[in-house]
Amino acid sequence: MERVLRVFGWGGYLVAGLLSVLVAAVSYRFVPDGVAVAMDHVAHNLDGNALALYAHIGLAPIALAVMPFQFWPALRSRRPAIHRWLGRVYVAAILVSGLAGLQLAFHTTAGSFAGIGFGVLAVAWLATTATALVFALRREVSRHAAWMMRSAALTFAAVTLRLYLGMSMAFGADIAVAYPVISWACWVPNALAVELYLRIARPLKARRQGAVAIAN
């Protein structure tokens, strides 16, 4: 059973990593096409809020693309210097794009419910990443890993947002109704899933490994 769970765990990691990199790459479609064509739903920010818009859409994909590699065990153990440098890139990208995202949340045309959803996401994204950085600087590896998982769950909202939007369009949902709901649904379940893992599955796994070590 443990072997099966391990396989599913690695499978989930690979799927999430692939989706993260693909979404990050597709996010730069605004470079050749322009924001007005590629991202018409946020193009209204070009008038008076362009700096925040470009900071967010330019740097958030970098954090998304880097994120899966930070959880690659071989990279952490065999190339710790690369892990640390990618971590710096990840934190810097979130610092700028998170602040920009918070600014954009106040200017969304999807209504106050969506604006609050994206605003809370931006604050939580910044807070979890900053906490992960603090524990990394203190060399508290276990706490650093836990907060990085919380940060990654929020970073992955960029993927789940697009998945939910695609599903909404496929089922013919009214986007004016669906989008405000998705502004919360794209990240709250992610955060809850990681929290359940950290509070239940992770301690059970640690106790199981400890029991095996004692038995040996």
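The preceding data block contains the structure.
Residues numbered from 1 in each chain as written. Predicted model: local features only at pLDDT ≥ 70, side-chain atom pairs only at ≥ 80, totals over all residues. Heavy atoms only, no water.

Draft legend 1. Main features of the side chain of asparagine 190. Structurally, asparagine 190 can be placed in helix H11 (residues 188-215). Accessibility expressed as a relative area gives 12% for asparagine 190, which makes it buried. For asparagine 190, the side chain forms a polar contact with the main-chain oxygen of cysteine 186, separated by 3.2 Å. Among all residues touching asparagine 190, those that are not within four sequence positions of it are Ala153, Phe156, Ala157 and Thr160. (Helix = DSSP H or I, 4+ residues; strand = E, 2+ residues; numbered from the N terminus. Buried < 20%, exposed > 50% of the residue type's maximum accessible area, 1.4 Å probe, protein only. Polar contact = N/O pair within 3.5 Å; in protein donor to acceptor, adjacent residues only side chain to side chain. Contact = heavy atoms within 4.5 Å.)

Draft legend 2. The layout of surface pockets, seen in detail. Estimates place the volume of the second largest pocket at around 1,000 Å³. What lines the second largest pocket is a set of 38 residues, among which His41, His56, Phe118, Leu161 and Tyr179 lie closest to the centre. Elements represented by at least two residues in the lining of the second largest pocket include exactly helix H4 (50-66), helix H6 (80-105), helix H7 (112-137), helix H8 (141-155), helix H9 (157-170) and helix H10 (175-185). Considering every element that reaches the lining of the second largest pocket, the biggest residue donor is H9, with seven residues. Of the residues that constitute the lining of the second largest pocket, the class distribution is 23 nonpolar, 12 polar and three charged. (1 Å grid on protein atoms, 1.4 Å probe; cavity = no way out; pocket = protein on both sides within 12 Å on 5 of 7 lines; lining within 4 Å. Points joined across faces, edges and corners; volume = space filled by probe spheres on them. Nonpolar A, V, L, I, M, F, W, Y, C, P; charged D, E, K, R; others polar.)

Draft legend 3. How the structure looks around the packing of aromatic side chains. For the coordinates displayed, the defined rule picks out six aromatic pairs. Ring geometry for tyrosine 28 and phenylalanine 30: centres 6.0 Å apart, planes at 35 degrees, overall tilted. Among the residues examined, tyrosine 28 registers a relative accessible area of 28% and is labelled partly exposed. For phenylalanine 30, a relative accessible area of 11% corresponds to the buried category. Among the aromatic residues, ring-to-ring pairing joins Tyr28, Phe30 and Tyr54 into one connected group. (Phe/Tyr/Trp six-rings, centres within 6.5 Å; stacked < 30°, edge-to-face > 60°.)

Draft legend 4. Region of interest: unusual backbone geometry. With a phi close to 65 degrees, arginine 139 is a non-glycine residue in the positive phi region. Along the chain, the position of arginine 139 falls in the loop between H7 and H8. The class of arginine 139 is exposed, set by a relative accessible area of 65%.

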